[in-house]
Amino acid sequence: MRTKNRGIWIALFTIPCMILFAIVYAAPIVTVVYTSLCDYSLTSGPVFRGIKNFVTIFNDEDFLYSIRNTLVWVVLQSTFHVLLGLLMALVLRRKPRGWSVVRTAYMIPNIIPTAATGVMFTLLLNPSFGIVQPFLDFLGVDYGMVPNLFGNSRYAFWTVTCTWIFYSGFNTIIFLAEMGAIDKEIYEAATVDGAKPWQLDRYITLPLMKNIFGTCVTLASVAMVSQFDIIYMTTKGGPGHSTLNLPIYLYKAATLENNFGKANAVGVVQIVIGLILVLLIQRLFSEKKETGRVRQ
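Read on for an overview of the structure.

Rules behind the numbers
Residues numbered from 1 in each chain as written. Predicted model: local features only at pLDDT ≥ 70, side-chain atom pairs only at ≥ 80, totals over all residues. Heavy atoms only, no water. Helix = DSSP H or I, 4+ residues; strand = E, 2+ residues; numbered from the N terminus. Rg over C-alpha atoms; globule rule 2.2 N^0.38 Å. Buried < 20%, exposed > 50% of the residue type's maximum accessible area, 1.4 Å probe, protein only. Contact = heavy atoms within 4.5 Å. Areas by Shrake-Rupley, 256 points an atom, 1.4 Å probe, with all protein chains shown as cover. Salt bridge = Lys/Arg side-chain N within 4 Å of Asp/Glu carboxyl O. Axes fitted to C-alpha atoms, helices over the stretch in contact; angles between N-to-C directions. Parallel < 35°, antiparallel > 145°, perpendicular 65-115°, else oblique. Nonpolar A, V, L, I, M, F, W, Y, C, P; charged D, E, K, R; others polar. 1 Å grid on protein atoms, 1.4 Å probe; cavity = no way out; pocket = protein on both sides within 12 Å on 5 of 7 lines; lining within 4 Å. Points joined across faces, edges and corners; volume = space filled by probe spheres on them. Phe/Tyr/Trp six-rings, centres within 6.5 Å; stacked < 30°, edge-to-face > 60°. Lys NZ or Arg CZ within 6 Å of the ring centre and 35° of its normal. Polar contact = N/O pair within 3.5 Å; in protein donor to acceptor, adjacent residues only side chain to side chain.

**Thoughts on the overall build of the protein**
Along the protein, the regular secondary structure elements total 14 helices and two strands. For the protein, whose C-alpha radius of gyration is 24 Å, the value lies well above the compact-globule estimate of 19 Å for 296 residues. Split into buried and exposed, the 296 residues of the protein put 35% on the buried side. Looking at the protein alone, contacts between residues at least 24 apart form 68% of all its contacts between residues at least 6 apart. As displayed, the protein offers around 18700 Å² of accessible surface, 67% of which is attributable to carbon and sulfur atoms.

What follows is the structure in structure tokens.
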């Protein structure tokens, strides 16, 4: 009787969540997938056309560049960005002098809206009144005309990358929280056995951080697949296609071309890429399972 009542209560608490999921997530995803197969604009309803939109975008050179740029940013964000956060966490865990101030200062860029960060860097790196020319003058470098770092295809990609790649305070906080959960007796026992600080990190901390490292890589990768505001506020995907990524391409298809079917086709590609990345990362960081049978 208790088991039956328990099942009823589980259903009662689960049904509202499932309804909310269906309304907020499932229904929009189904709508996006369907309209990606249609001719659809602001002035006309969806008319089914099959895979026409997908053929169009995959024959567009800009779309291919947007995929390439997105994947490069995913790799940079999931490696350098996450590793920098881990390195900062390893340093701050030892609580050197001034560690609390450093931790707070390192976290500040992560609480500033990314759109505001984009505007800030646009002003700081402005060739007319930014900090580039005074900095070059301070170093004694006679560069002549200051380059427009956001407006030059030679520098734009890496300039945009530098606006966020070093700010890994969010990852640092996650790593610090996970490190704080490790039993201190493990470190004490290893220290008694003569282990040095770097050996504690190498053989104790890092192996136990595998799961949370995978979580940070997943969050970083998904964030890059959907990164929009900071790129739009700095370069709008230009010059040319040097900083064009999938969200910017989607935005231009929807707003400039008034082609919602094409834009939703790009959205479907984003969803697929995101799912593939999550599955690959989970597979990479999952624990190895024993496949052999235990002999009695």
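**A look at the pattern of salt bridges**
Summed over the entire model, instances satisfying the criterion amount to five salt bridges. The salt bridge partner of aspartate 39 is lysine 52, with a shortest N-O separation of 3.5 Å. Residue aspartate 39 is found in strand E1 (residues 38-39), and its partner lysine 52 is found in helix H2 (residues 52-58); the two are separated by 13 residues along the sequence. Here aspartate 201 and arginine 94 are joined by a salt bridge, their closest N and O atoms 2.5 Å apart. Placement of the pair is aspartate 201 in helix H10 (residues 197-208) and arginine 94 in the loop between helix H3 (61-93) and helix H4 (99-111), with a sequence separation of 107 residues. Judged by relative accessible area, which is 40%, arginine 94 ranks as partly exposed.

**Comments concerning the packing of H4 against helix H8 (residues 169-180)**
Relative orientation of the contacting elements H4 and H8 amounts to 130 degrees, with a least axis distance of 8 Å. If you check the angle between H4 and H8, you find them oblique. For the pair formed by H4 and H8, the contact residues are Arg103, Tyr106, Met107 and Asn110 on the first element and Gly169, Phe170, Thr172, Ile173 and Leu176 on the second. Residue composition of the contact of H4 with H8, by class: five nonpolar, three polar and one charged.

**Quick notes on the layout of surface pockets**
Within this model, the largest pocket holds a volume of roughly 410 Å³. Taken together, the elements giving at least two residues each to the lining of the largest pocket come down to H3, H4, helix H5 (114-124), H8 and helix H11 (210-225). In terms of residue count, the dominant contributor to the lining of the largest pocket is H11 (five residues). Its residues assigned to classes, the lining of the largest pocket shows 11 nonpolar, eight polar and no charged. Estimated volume of the second largest pocket: approximately 270 Å³. Around the second largest pocket sit Leu92, Arg93, Lys95, Trp99, Arg103, Leu176, Met179, Gly180, Ile182, Lys184, Tyr187 and Glu188, which together line it. The set of elements that each furnish at least two residues to the lining of the second largest pocket consists of H3, H4, H8 and helix H9 (184-192). The class makeup of the residues in the lining of the second largest pocket is six nonpolar, one polar and five charged.

**A word on the packing of aromatic side chains**
Both the distance between ring centres and the angle between the ring planes are used here to describe each pair of aromatic rings. Following the criterion strictly, the structure yields 14 aromatic pairs and no others. Relative to phenylalanine 260, the ring of tyrosine 40 has its centre 5.6 Å away and its plane inclined at 80 degrees; by these criteria the two rings are edge-to-face. You can see tyrosine 40 sitting in the loop between E1 and strand E2 (47-48) and its partner phenylalanine 260 sitting in helix H14 (residues 260-285), a full 220 residues away along the chain. Since its relative accessible area comes to 23%, phenylalanine 260 is described here as partly exposed. Each ring, one from phenylalanine 80 and one from phenylalanine 166, has its centre 5.7 Å from the other, and the planes form 85 degrees; the classification is edge-to-face. One end of the pair, phenylalanine 80, is in helix H3; the other, phenylalanine 166, is in the loop between helix H7 (156-162) and H8, and 86 residues separate them in sequence. On the accessibility criterion, phenylalanine 166 (40% relative accessible area) is partly exposed. Ring pairing ties together the aromatic residues Trp73, Phe157, Trp158 and Trp164, which thus form one cluster. For lysine 236, the ring lying beneath its charged end belongs to tyrosine 232, and the centroid distance is 4.8 Å.

**Structural notes on H9**
Its side-chain oxygen 3.1 Å from the backbone nitrogen of glutamate 185, aspartate 183 forms the N-cap of H9. The first or second residue beyond H9 is glycine 194, which carries a positive phi of 100 degrees.

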